[in-house]
Amino acid sequence: MAATLRIQSDWSRALSRDEGEAWLSCRSPGKPTLYGSVTRRGLGSDGIPDIVASEGFVAGEVTKKSILISCPHENVSTKFLAPYTSFCRIHQKSITCLDISSGGGLGVSTSTDGTMKIWQAANGEIRRLLEGHVYDVNCCRFFPSGLVVLSGGMDAQLKIWSAEDASCVVTFKGHKGGILDTAIVDRGRNVLSCSRDGTVRLWDCGKSACLGVIADCGSPVNGIAVGTADNSLNLGSPEKPPSDREVGTEGKILLLAREDKKLQGVGLQSRQPVFLFVGSDAFNCCTFLSSTYILAGTQDGNIYQLDVRNTDAPIQVIHRSGAPVLSLLPYRDGFIASQGN
């Protein structure tokens, strides 16, 4: 497994001053972590920051927005990019979830300050305050249209909002515990939610009704993801014909990231189990890389890559640190992961 090179502080702020310092670490599995620092000594004649690294590290290409740091001893290098822009006034406390509309114009976010807001993605200008949940809002996402928002909270309520006037157009009730994640099926006539009560439910947006419990796990379900299944995968058959209100559930597999260390696959239309994989700790999140490959992250810092056609053993287990893996997002030929460090 490759070494990991990190800057341990907000280097973009530290290095934006005339002088500043940021801490470095280089970790290779099975070896002691190497520590160092990078220091800014002012500006060069060309306006580029003058950056030097401590012993064991090398500061390579430097621009006004990036620094290339190398650790020759471990033969590893990483380019660190400064934020393109920062929005510091949308929320007063930690941001727990965010999403960007399909057109890229709007953002929606929730925070431990108890608020959920819609804002301009270009400049961070707050457009709407979405009020109606009791207690914390755990998750939010735009529908594919970019005009509607889905949210779930600790009040066990699932809500649909208009991004244009901030009105709550639908409230779903049925869960017995806080809602921890949501998913949208195709264009959004049906949506999914998972909860601390251990269930995953399918909802009909048009009738404001629950179409059924997809799974009842007996343990909190922390995250879900829905994707099109590989043609070779047996998703099972439903015990009774699905409702005509179900739209787009055929041929879909639902992933469940469970608190009891289990990652489960379920046929969305059939409600039948497809696989059950046991990990090292509670699963916090999951996502699809393709119709066959999936990712899931655990509380103890593992990222599992699995082939849904054979989940007896993972394709690989990535472990960069012991910090919880909180979210995963496919990106180009790989993925982006966030951890609690």
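Bear in mind the structure is a predicted one, so any value in this text is a computation, not a measurement.

Here's the deal with unusual backbone geometry
Then, number 1: Even without a glycine there, the phi angle at Asp 186 is positive, about 50°.
Then, number 2: Assignment of secondary structure puts Asp 186 in the loop between β16 (179–185) and β17 (190–195).
Then, number 3: At Lys 261, a residue that is not glycine, the phi angle is positive and equals roughly 70°.
Then, number 4: For Lys 261, the location among the structural elements is in the loop between β21 (252–258) and β22 (262–267).
Then, number 5: The exposure class of Lys 261 is partly exposed, given its relative accessible area of 38%.

A few points about the UniProt feature "repeat: WD" (unreviewed entry) in the protein chain
Then, number 1: Using the residue numbers shown here, the UniProt feature "repeat: WD" (unreviewed entry) corresponds to residues 88–129, 130–171 and 172–204.
Then, number 2: Helix makes up 0% of residues 88–129 and strand makes up 50%, while its end C-alpha atoms are separated by 16 Å.
Then, number 3: Across residues 172–204 one finds 0% helix and 64% strand; the C-alpha atoms that close the span lie 9 Å apart.

Here we look at a nonpolar patch on the surface
Then, number 1: On the surface, a cluster of nonpolar side chains totalling about 270 Å² of accessible area is made up of Ile 95, Leu 98 and Ile 100.
Then, number 2: Among the structural elements, Ile 95 can be located in strand β8 (residues 95–100).
Then, number 3: Judged by its relative accessible area of 48%, Ile 95 falls in the partly exposed class.

Notes on the sheet that holds β16
Then, number 1: Spatially, β16-β17-β18-β19 is the arrangement adopted by the four strands of the open sheet, whose pairing is antiparallel. Bordering the open sheet on either side are β16 and β19 (209–216), each of which pairs with just one other strand. The sheet shows a mean angle of 20° between the axes of neighbouring strands, direction not considered.
Then, number 2: Summarising the sheet, strand β18 (residues 199–204) and β19 pair through six bridges and their orientation is antiparallel. Bridge pairing links Val 200 to Ala 215 in β19.

Examining the sheet that holds strand β9 (residues 106–111)
Then, number 1: If you walk across this open sheet you meet the four strands as β8-β9-β10-β11, and the pairing is antiparallel. Edge positions in the open sheet fall to β8 and β11 (126–129), since each of these has one partner strand only. Neighbour to neighbour, the strand axes of the sheet diverge by 20° on average, direction disregarded.
Then, number 2: Inspection of the sheet shows strand β10 (residues 116–120) paired to β11 by three bridges, in the antiparallel sense. Bridge pairing in β11 places Ile 118 opposite Arg 128.

Regarding the pairing of strand β25 (residues 293–298)
Then, number 1: Among the six residues that make up β25, five are buried, leaving the element largely enclosed by the rest of the structure.
Then, number 2: Pairing analysis gives five bridges linking strand β24 (residues 283–288) to β25, with the strands arranged antiparallel. What sits directly across from Phe 288, in β25, is Ile 294.
Then, number 3: Following β24, the chain reverses through four residues before pairing antiparallel with β25.
Then, number 4: Bridging between β25 and strand β26 (residues 302–307) involves five bridges; their strand directions are antiparallel. When the bridges of β26 are listed, Ile 294 appears paired with Leu 306.

Calculation rules
Residues numbered from 1 in each chain as written. Predicted model: local features only at pLDDT ≥ 70, side-chain atom pairs only at ≥ 80, totals over all residues. Heavy atoms only, no water. Helix = DSSP H or I, 4+ residues; strand = E, 2+ residues; numbered from the N terminus. Buried < 20%, exposed > 50% of the residue type's maximum accessible area, 1.4 Å probe, protein only. UniProt positions renumbered as here; feature names shortened; annotations may be inferred. Patch = residues over 30% accessible without salt bridge, like charges linked within 9 Å, V, L, I, M, F, W, Y side chains within 5 Å. Areas by Shrake-Rupley, 256 points an atom, 1.4 Å probe, with all protein chains shown as cover. Salt bridge = Lys/Arg side-chain N within 4 Å of Asp/Glu carboxyl O. Pairing = 2+ DSSP bridges. Axes fitted to C-alpha atoms, helices over the stretch in contact; angles between N-to-C directions.

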